[in-house]
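Listed below, chain by chain, are the residues.
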Protein chains: 2
Amino acid sequence: MPFDPASLTYDDRGLIPAIAQDAATDEVLMMAWMNAEAVARTLESGRVTYWSRSRSEFWVKGESSGHVQELVEMRVDCDRDCLLVRVRQTGPACHTNRRSCFYTAVRDGEEIEIMAPEAG
Amino acid sequence: MPFDPASLTYDDRGLIPAIAQDAATDEVLMMAWMNAEAVARTLESGRVTYWSRSRSEFWVKGESSGHVQELVEMRVDCDRDCLLVRVRQTGPACHTNRRSCFYTAVRDGEEIEIMAPEAG
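Below, the structure is looked at part by part.

Calculation notes
Along each chain, numbering runs from 1 in the same order as the chain's sequence is written. Here the convention is simple: chains get letters from A, ligands get numbers from 1, in the order in which they are written. Per-residue local features of the predicted model are confined to residues with pLDDT of at least 70, and side-chain atom pairs are confined, for both listing and counting, to 80 or more; whole-chain, interface and lining totals are unaffected and use all residues. Where side-chain values are given, they derive from all heavy atoms of the structure, hydrogens and water being excluded. Here the term buried applies to any residue with accessible area under 20% of the maximum for its type, exposed to any over 50%, and partly exposed to those in between, with areas from a 1.4 Å probe on protein chains only. A run of H or I in DSSP counts as a helix once it spans at least four residues, and a run of E counts as a strand once it spans at least two, with each numbered from the N terminus. Defined by distance alone, a disulfide is two cysteine sulfur atoms within 2.5 Å. We call two strands paired when DSSP finds no fewer than two bridges between them. Axis angles are defined between N-to-C directions and span 0 to 180 degrees, where every axis is a line fitted to C-alpha atoms and, for a helix, only to the segment in contact. The contact rule is simple, with two residues in contact once any of their heavy atoms fall within 4.5 Å. Two parts lose some accessible area (1.4 Å probe) when they are put together, and adding that loss for both gives the buried area. What makes a salt bridge here is a side-chain nitrogen of Lys or Arg within 4 Å of a carboxyl oxygen of Asp or Glu, nothing more. When two rings of Phe, Tyr or Trp (its six-membered ring) have centres within 6.5 Å they constitute a pair, described as stacked for plane angles under 30 degrees, edge-to-face for angles over 60, and tilted for the intermediate range. Only lysine NZ and arginine CZ atoms are considered, and such an atom sits over a ring when it is within 6 Å of the ring centre and within 35 degrees of the ring normal. Superposition of the copies used a least-squares fit over C-alpha atoms from residues whose pLDDT is at least 70 in both.

Details of helix α1 (residues 36–45) of chain A
And then number 1: Those residues of α1(A) lying buried are A:A38, A:V39, A:A40 and A:T42.
And then number 2: Where α1(A) ends, the next residue or the one after it, A:G46, has phi of about 75°, a positive value.

Structural data, given as structure tokens:
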């Protein structure tokens, strides 16, 4: 079946959550949002492109930092309301310079930092 | 720092997305939603508990199907508006009886099913 971005289920802002996973290590790197046009641009360009809710603009991941995400494969969930993008990540995915945004773990009721920023 | 579910950033429905990842294989299994009480219950019980938007009730994953998710570790992202729950998954995570909800891939513009339902 041909894939049509319009066939996905978007929320009332026209957005769908997209989970970015490192295709080489399977590490979950980040979660951000796409609209239908961002989904189409990601597939066409091979560069993962989100919709920035704070700036209300397209956000080609890594465009300013160089920490790009090259699309390896896009996957759709059973409800068609969440995307998984498997990527080749250049440099850290997180704006804090950590590999992943999920660097805080909850252990025995305490928040523990489990990942250090990469050397700049 | 002690972890407080109230310190997370919830959307205007009081919900935060939670990505479930198999702690053994690193496979991304599903994405669902939690409210602050679901976060607290998950940590207290060790059984991953979501908030069902369609039924407006707590949803202890696997309570009816037996396909429970035992919490291995909860992680918080840099913006504190998304959770990653690393789990020990019993049986398939998806209601279609597939291991993961992300069983549809987009390849060359076509939707391809990459995962079969498990034998019942």
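Observations regarding the state of the cysteines
And then number 1: Counting across every chain of the model gives 0 disulfides over all chains.
And then number 2: Here A:C101 stays free of any disulfide, with the sulfur of B:C78 as its closest cysteine sulfur at 3.7 Å.
And then number 3: You can call A:C101 buried: its relative accessible area is 8%.
And then number 4: Summary of cysteine pairing: B:C94 is not part of a disulfide, and the nearest cysteine sulfur, belonging to A:C78, is at 3.7 Å.
And then number 5: A relative accessible area of 3% means that B:C94 is categorised as buried.

A look at the sheet that holds strand β5 (residues 69–76) of chain A
And then number 1: On the basis of which strands lie adjacent, the open sheet formed by 6 strands has the order β2(A)-β1(A)-β6(A)-β5(A)-β7(B)-β8(B) and mixed pairing. Whereas interior strands pair on both sides, the edge strands pair on one side only; in this sheet they are β2 (28–34) of chain A together with β8 (110–113) of chain B. For this sheet, the mean angle separating the axes of adjacent strands, direction not counted, is 35°.
And then number 2: In terms of strand pairing, β5(A) meets strand β6 (residues 83–89) of chain A through 7 bridges, oriented antiparallel. Along β6(A), the bridge assignment pairs A:L71 with A:V87.

Observations concerning the interface of chain B and chain A
And then number 1: The interface is formed by 40 residues belonging to chain B together with 40 residues belonging to chain A.
And then number 2: Roughly 3,200 Å² of surface becomes buried between chain B and chain A when both sides are summed, with 59% attributable to carbon and sulfur atoms.
And then number 3: Considering only the surface of chain B that becomes buried against chain A, B:F102, B:V106 and B:E111 emerge as the three largest contributors, covering 21% of it.
And then number 4: Applying the counting rule to chain B against chain A returns 6 salt bridges.

Some thoughts on the packing of aromatic side chains
And then number 1: Considering all chains together, one arrives at 4 aromatic pairs over all chains under this definition.
And then number 2: On the numbers, 5.0 Å between centres and 80° between planes, the contact of A:W51 with A:F58 is edge-to-face.
And then number 3: The partly exposed category is assigned to A:F58, whose relative accessible area is 23%.
And then number 4: Aromatic side chains B:Y50 and B:W59 sit 5.1 Å apart centroid to centroid with 45° between the ring planes, which places their arrangement in the tilted category.
And then number 5: Positioned above the aromatic ring of A:Y103, the side-chain terminus of A:R98 is 3.9 Å from the ring centre.
And then number 6: Against the face of B:F58 rests B:R41, its NZ or CZ located 3.8 Å from the ring centre.

Some points on the relation of the copies chain B and chain A
And then number 1: Mapping chain B onto chain A calls for a screw motion: a turn of 180° about the axis and a shift of 0.0 Å along it, with 0.0 Å RMSD after fitting. Here the transformation between the copies is reduced to the relation of a two-fold axis. Nearest to the rotation axis, the C-alpha of B:D26 is located 2.9 Å from it, this being the minimum over chain B.
And then number 2: Looking at the interface residues of chain B, 100% of them are also at the interface in chain A, so both copies use one shared face.

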